[in-house]
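Working through the structure, step by step
Spelled out, the chains give:
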Amino acid sequence: MTPEAAPAPDSRPNPFRLERGGPVAPRSGLLATAHGVVRTPAFMPVGTQATVKGLSPDEIRAAGTQILLANTYHLMLRPGADLVRERGGLHAFMGWDGAILTDSGGYQVVSLRERVAIREEGVAFHSHLDGHPEFLSPERAMEIQADLGPDIAVTLDHAVSLPASPEDVRDAAERTLRWTERSLARAAALSTPTGLPQLRFAIVQGGGDPALRAEMAERTSRLPCDGFALGGLSLGEAKEETWSAARAANGSLPADRPRYLMGMGTPEDLLEGIAAGVDLFDCVLPTRNARNGMAFTSDGPLNIRNAEHARSGAPLDPRCSCEACARFTRAYLRHLHQAGEILAHRMLTLHNVTFYQTLMREAREAIDRGAFDAFGGEFRRRYRDTRAADSP
Ligand SMILES: [Zn+2]
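Treat the numbers as computed from the prediction; the structure is a model and nothing was measured. Position numbers for residues start from 1 in each chain and track the written sequence from start to end. For this predicted model, a pLDDT threshold of at least 70 governs which residues receive local features, and a threshold of 80 or more governs which side-chain atom pairs are given and counted, while totals over whole chains, interfaces and linings are taken from all residues. Side-chain metrics in this entry use all non-hydrogen atoms of the structure; hydrogen atoms and water are not considered.

What about the overall build of the chain?
The criterion, for reference: Helix and strand labels come from DSSP, where a helix needs a run of H or I of at least four residues and a strand needs a run of E of at least two; each type is numbered from the N terminus. Based on C-alpha atoms, the radius of gyration is set beside the globule rule, defined as 2.2 Å times the residue count to the power 0.38. Contact between two residues is taken to exist if any of their heavy atoms lie within 4.5 Å; hydrogens are not considered. Here, Shrake-Rupley sampling with a 1.4 Å probe gives the accessible areas, and only protein chains in the shown set may cover a residue. Counted as positive: Lys and Arg. Counted as negative: Asp and Glu, with His and the chain ends omitted from the count. Each charge is placed at NZ for Lys, CZ for Arg, CG for Asp and CD for Glu.
When you go through the chain residue by residue, the secondary structure sums to 16 helices and 16 strands. Its C-alpha atoms give the chain a radius of gyration of 20 Å, within 12% of the compact-globule value 21 Å for 392 residues. Its C-alpha atoms give the chain principal-axis dimensions of roughly 60 × 45 × 40 Å. A separation of at least 24 residues holds for 69% of the contacts in the chain among residues at least 6 apart in sequence. When the accessible surface of the chain is totalled, it reaches about 15,500 Å², and 50% of it is carbon and sulfur. Each charge class in the chain was averaged separately, 44 positive and 49 negative side chains, and the resulting centres sit 4 Å apart.

In structure tokens, the structure reads:
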């Protein structure tokens, strides 16, 4: 690996250009990565195993995707970061030439719960594949991500499930800050398989406490990173808590740097997040729910398994132009789903990712013409929430 000089906080060029909006307001911007400029706000489909399940790279692109997320935890266990490095990094390995962000693996490790021991040095855990003991330190998380070679790497954090005591939340937030410093120090000496530069996002923790979130955001923003990730939200707290914590963090982060809200949410969450000043999102909902027969539409979510669709000649969403909506009826997609056909999973996934990306593009356009509030209001009115009946 090629060593390079550790940069000072103010010497890293800003990859982000804020075009419109402020620290805690709907914003649009341009995030420059080694694989193209990402227009924000942007949504990253989740490619856990270096694939967005069921979709080819051309389909991921056709859905409107600029950047996707891959999981450090899963890829370090299988096929292994050294193998991906040998194959030229994630972009070459998976045939995707758009931008990629990898998470640090911290969240997946901690979500294993009882198989995990968190120490100051790092996290000891057992592989969910074969029980093999593994260890993830802040340094190791960055080494793995350098080998994987995404455009954006994320520092290791310590997330806690809520409710938790204020002491535990503070302890995890402080440890996250120490781990961030160690992650960034190690990353400065690493290189990607292609030699292309890698941006580094630092995770801000702090539970549902706005004051602690603001403090951690302010202290994290003094570190030499390119952008910020809000971690540990939507882990058991009430929705109002999520948004007040996110707003508090964003209010204390530099306005001209990108912010990424990790691992949430619904279409309505995306609109709330955008209003709170978030630039980047990821969530498994559009892809995971597709495989359970759930489609997001502009009239709210629907479940293709429901009998009401059995003879329907309508597309999933008349406002959508994806291949699933342009070519197939609900009746046919329901038949495929009931028969366990792969095409049902593929088409619902393609549709859901297209739906999310269309929502983000339209939100971006609304921000640029100063009409985000009206856009959000119109979307919510149309999006009758039938989630209770249609949850998979
Ligand atoms: Zn569609």
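So, next bit.
Section: helix 14 (residues 342-368)
We count it as follows: A helix's residues, less one, multiplied by 1.5 Å, set its expected span.
The end-to-end C-alpha separation of helix 14 is 39 Å, in line with the 39 Å expected for 27 residues at 1.5 Å each. Two residues or fewer after helix 14 comes Gly-370, characterised by a positive phi angle close to 70°.

A short note on the environment of Thr-33
Threshold: N or O atoms closer than or at 3.5 Å make up a polar contact, with two conditions inside protein: a donor-capable atom paired with an acceptor-capable one, and, for residues adjacent in sequence, both atoms drawn from side chains.
As for its position among the elements, Thr-33 is in strand 2 (residues 28-33). The sequence separation of Thr-33 and Gln-198 amounts to 165 residues, and the corresponding C-alpha distance is 7.9 Å. With residues up to four places along the chain from it excluded, the contact list for Thr-33 reads Val-38, Ala-99 and Asp-151. Of note is the side chain of Thr-33, whose polar atom sits 3.0 Å from the backbone nitrogen of His-35. Among the polar contacts listed, one links the side chain of Thr-33 to the backbone oxygen of Gly-36, at a separation of 2.7 Å.

Thoughts on the packing of helix 13 (residues 330-338) against helix 14
What counts is decided by this rule: All axes here are fitted lines through C-alpha atoms, helices being fitted over the stretch that makes contact, and every angle between N-to-C directions spans 0 to 180 degrees. When an angle is under 35 degrees it counts as roughly parallel; over 145 it counts as roughly antiparallel; between 65 and 115 it counts as roughly perpendicular; any other value is oblique. Take the far helix as the reference: if the near one is turned anticlockwise from it by less than a right angle, the crossing is left-handed, and if turned clockwise, right-handed. Residue polarity follows a fixed list, in which Ala, Val, Leu, Ile, Met, Phe, Trp, Tyr, Cys and Pro are nonpolar, Asp, Glu, Lys and Arg are charged, and the others, Gly among them, are polar.
Their axes nearest at 7 Å, the elements helix 13 and helix 14 cross at an angle of 130°. Comparing their axes, helix 14 and helix 13 come out oblique. Helix 13 and helix 14 meet at a crossing whose hand is left-handed. Each of Tyr-332, Leu-333, Leu-336 and His-337 in helix 13 lies in contact with helix 14, whose residues at this interface are Leu-343, Ala-344, His-345, Met-347 and Leu-348. Tallied by class, residues from the contact of helix 13 with helix 14 come to seven nonpolar, two polar and no charged.

Some thoughts on the coordination of the zinc ion
Rules: Metal-coordinating donors are taken as N, O and S atoms lying within 2.8 Å of the metal, or within 3.2 Å when the metal is Na, K or Ca; because water is left out, some sites can appear incomplete. Geometry is assigned from the angles between donors: four donors with all angles from 85 to 135 degrees make a tetrahedral site, four or six donors whose opposite pairs exceed 155 degrees while the rest stay between 65 and 115 make square planar or octahedral sites respectively, and everything else is labelled irregular. Each residue is assigned to one of three classes by its accessible area relative to the maximum for its type, calculated with a 1.4 Å probe on protein chains only: buried under 20%, partly exposed between the two thresholds, exposed over 50%.
Taken together, the protein ligands of the zinc ion are Cys-320 (SG), Cys-322 (SG), Cys-325 (SG) and His-351 (ND1), with distances of 2.1 to 2.3 Å. Metal-centred angles of 95 to 121° between the four donor atoms at the zinc ion mark the site as tetrahedral. Site description for the zinc ion: donor spacing in sequence, C-x1-C-x2-C-x25-H. With Cys-322 in the loop between strand 16 (302-303) and helix 12 (323-327) and His-351 in helix 14, this residue pair connects regions lying 29 residues apart in the sequence. Its relative accessible area of 0% is what places His-351 among the buried residues.

Notes on the side chain of Thr-354
Within the secondary structure, Thr-354 is located in helix 14. Classification of Thr-354 as buried rests on a relative accessible area of 8%.

What to know about the layout of surface pockets
What counts, and what does not: In the cavity and pocket records, a cavity denotes points on a 1 Å grid over the protein atoms alone where a 1.4 Å probe fits but cannot get out, a pocket denotes an open set with protein on both sides within 12 Å along at least 5 of 7 lines, and lining residues are residues with an atom within 4 Å of a point. Grid points are joined across faces, edges and corners, and a volume is the space filled by probe spheres set on the points.
Space inside the largest pocket adds up to approximately 790 Å³. Going through the elements one at a time, helix 5 (106-111), strand 14 (280-283) and helix 11 (285-291) are the ones with two or more residues in the lining of the largest pocket. The greatest single-element share of the lining of the largest pocket, amounting to four residues, is contributed by helix 11. A class-by-class count of the residues in the lining of the largest pocket yields 13 nonpolar, 16 polar and eight charged. The space that makes up the second largest pocket amounts to roughly 330 Å³. Considering the residues around the second largest pocket, the lining is formed by 21 residues, among which Arg-12, Leu-196, Pro-197, Gln-198 and Arg-200 are closest to the centre. Sorting the residues of the lining of the second largest pocket by element identifies strand 2, helix 6 (138-148) and strand 11 (199-204) as the ones contributing at least two each. Classifying every residue of the lining of the second largest pocket by side-chain character gives 11 nonpolar, six polar and four charged.

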